[in-house]
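So you can see what is in the structure, the chains are spelled out below.
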Amino acid sequence: MTAILRARLTQQPLWEFALALYGQPGVESACLALQDQARVDVCELLWRCWLLYHGAVPGPTAEEGLVDALRWQREVTAPLRRLRRRLKQDACVRPGVAELRKTLKHAELQAERETLCRLERLALTASPAALTPAPSASVRGADKVLANALGLQKKTHLSTLHTLIASLDPPPAPR
C-alpha cells in the first residue's frame, strides 16, 4: 500500500465513512435489501466501498483476512440481529420487550462497529500487497468490481448495488 493511500484511509476512518454513506438517501434500504435478499454482509460491503472510494480493492491477503471479520459477523452480530428482529412484534405491545429490543439493537450496532474496526485494521496493517489499485474510478467500474466481489448476479441485486454506488461522491483522482 502506498503512503498516499494509507494517509487517505487514515484521514477518513471506516466508521465515519460508513456512517456518512449509510446516512445518504436510499443507502440504508439498499444495504438492508442486499443483506436480506442476497445475503451480503453490510459491513463487508461498506468496507469495500471505503476502499473503492479511495482507489483500492482488497488483494488476496486482505481477502484472506476478511474471513475472520465475517466469522465475527456470523457468530456475534447475526445472532443479535435475529433475536432483535424476532422480538419486533412483541416489542410493540410489551414495554419490557421493547427495552430489551433496544438493548439488543445497541449491542448489534457495537458488534458491527467492532467488525468495521477489524476491517479497517486489516486494510491499514496488512502487507503492501494486501490492497491493489482499483481497476476503474467510474460508477460502472465500481458496480462491476463490487458485484464480482460480493457474488451478485441477479438484476434486482445489481440495480440495488448501483443505487448504493451512485451515492458515493466521486472518488479522489488516482495518485
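The following refers to the structure shown. (Residues numbered from 1 in each chain as written. Predicted model: local features only at pLDDT ≥ 70, side-chain atom pairs only at ≥ 80, totals over all residues. Heavy atoms only, no water.)

Some points on the overall build of the protein
Reasoning step 1: Each helix and strand in the protein was counted, giving nine helices and two strands.
Reasoning step 2: In the protein, the succession of α and β elements from N to C terminus is α-α-α-α-β-α-α-α-β-α-α.
Reasoning step 3: The globule rule puts the C-alpha radius of gyration for 175 residues at 16 Å, and the 17 Å found for the protein is close to it.
Reasoning step 4: Projected onto its principal axes, the C-alpha coordinates of the protein cover approximately 55 × 35 × 25 Å. (Helix = DSSP H or I, 4+ residues; strand = E, 2+ residues; numbered from the N terminus. Rg over C-alpha atoms; globule rule 2.2 N^0.38 Å.)

Some details on helix α5 (residues 60-86)
Reasoning step 1: The end-to-end C-alpha distance of α5, which contains 27 residues, comes to 37 Å, matching closely the 39 Å that a straight helix rising 1.5 Å per residue would cover.
Reasoning step 2: A bend of about 40° at Thr-77 is the largest found in α5, and the proline Pro-79 appears one to four places after it.
Reasoning step 3: If you check which residues of α5 are buried, you get Ala-62, Leu-66, Ala-69, Gln-73, Thr-77, Ala-78, Leu-80, Arg-81 and Arg-84.
Reasoning step 4: Looking at the packing, one finds that the buried side of α5 touches α3 (27-38), α4 (42-53), β1 (56-58), α6 (88-91), α7 (95-125) and β2 (131-133). (Expected span 1.5 Å × (residues − 1). Bend = angle between axes of the 7 residues up to and from the residue. Buried < 20%, exposed > 50% of the residue type's maximum accessible area, 1.4 Å probe, protein only. Contact = heavy atoms within 4.5 Å.)

A word on the state of the cysteines
Reasoning step 1: In total, this model carries zero disulfides according to the counting rule given.
Reasoning step 2: Here Cys-117 is not disulfide-linked; the sulfur of Cys-43 is the nearest cysteine sulfur, at 10 Å. (Disulfide = S-S within 2.5 Å.)

Brief notes about the side chain of Asp-41
Reasoning step 1: Within the secondary structure layout, Asp-41 lies in the loop between α3 and α4.
Reasoning step 2: With no salt bridge to any partner, buried Asp-41 finds its closest opposite charge in Arg-81, at an N-O distance of 6.0 Å.
Reasoning step 3: Looking at Asp-41, its side chain comes within polar contact range of the main-chain nitrogen of Cys-43, at 3.0 Å.
Reasoning step 4: A polar side-chain atom of Asp-41 sits 2.8 Å from the main-chain amide nitrogen of Glu-44.
Reasoning step 5: Other than its neighbours up to four places away in sequence, Asp-41 contacts Leu-70 and Gln-73. (Lys, Arg positive; Asp, Glu negative; His and termini not counted. Salt bridge = Lys/Arg side-chain N within 4 Å of Asp/Glu carboxyl O. Polar contact = N/O pair within 3.5 Å; in protein donor to acceptor, adjacent residues only side chain to side chain.)

Some points on α4
Reasoning step 1: Taking 1.5 Å of rise per residue, 12 residues should cover 16 Å, and α4 covers 16 Å from first to last C-alpha, within 8% of that figure.
Reasoning step 2: Among the residues making up α4, those that are buried are Val-42, Cys-43, Glu-44, Leu-45, Leu-46, Trp-47, Arg-48, Cys-49, Trp-50, Leu-51, Leu-52 and Tyr-53.
Reasoning step 3: Just downstream of α4, Gly-55 is the residue with a positive phi angle, here 85°.

Notes on the pattern of salt bridges
Think of it this way: side chains of opposite charge can pair up when their charged atoms draw near.
Reasoning step 1: Scanning the model with the defined rule gives eight salt bridges in all.
Reasoning step 2: Across the pair Glu-108 and Arg-84 runs a salt bridge, and its minimum N-O distance is 2.4 Å. Of this pair, Glu-108 sits in helix α7 while Arg-84 sits in helix α5, and the two are 24 residues apart along the sequence. Assigned by exposure class, Glu-108 and Arg-84 land together as buried.
Reasoning step 3: Within the structure, one salt-bridge network assembled from shared partners comprises Arg-81, Arg-84, Glu-108 and Glu-112.

Notes on the environment of Leu-104
Reasoning step 1: By secondary structure assignment, the location of Leu-104 is in helix α7.
Reasoning step 2: Taking the relative accessible area as the measure of exposure, Leu-104 reaches 11% and is therefore buried.
Reasoning step 3: Those residues in contact with Leu-104 that lie beyond four places of it in its chain are Leu-80, Leu-83, Arg-84 and Leu-87.

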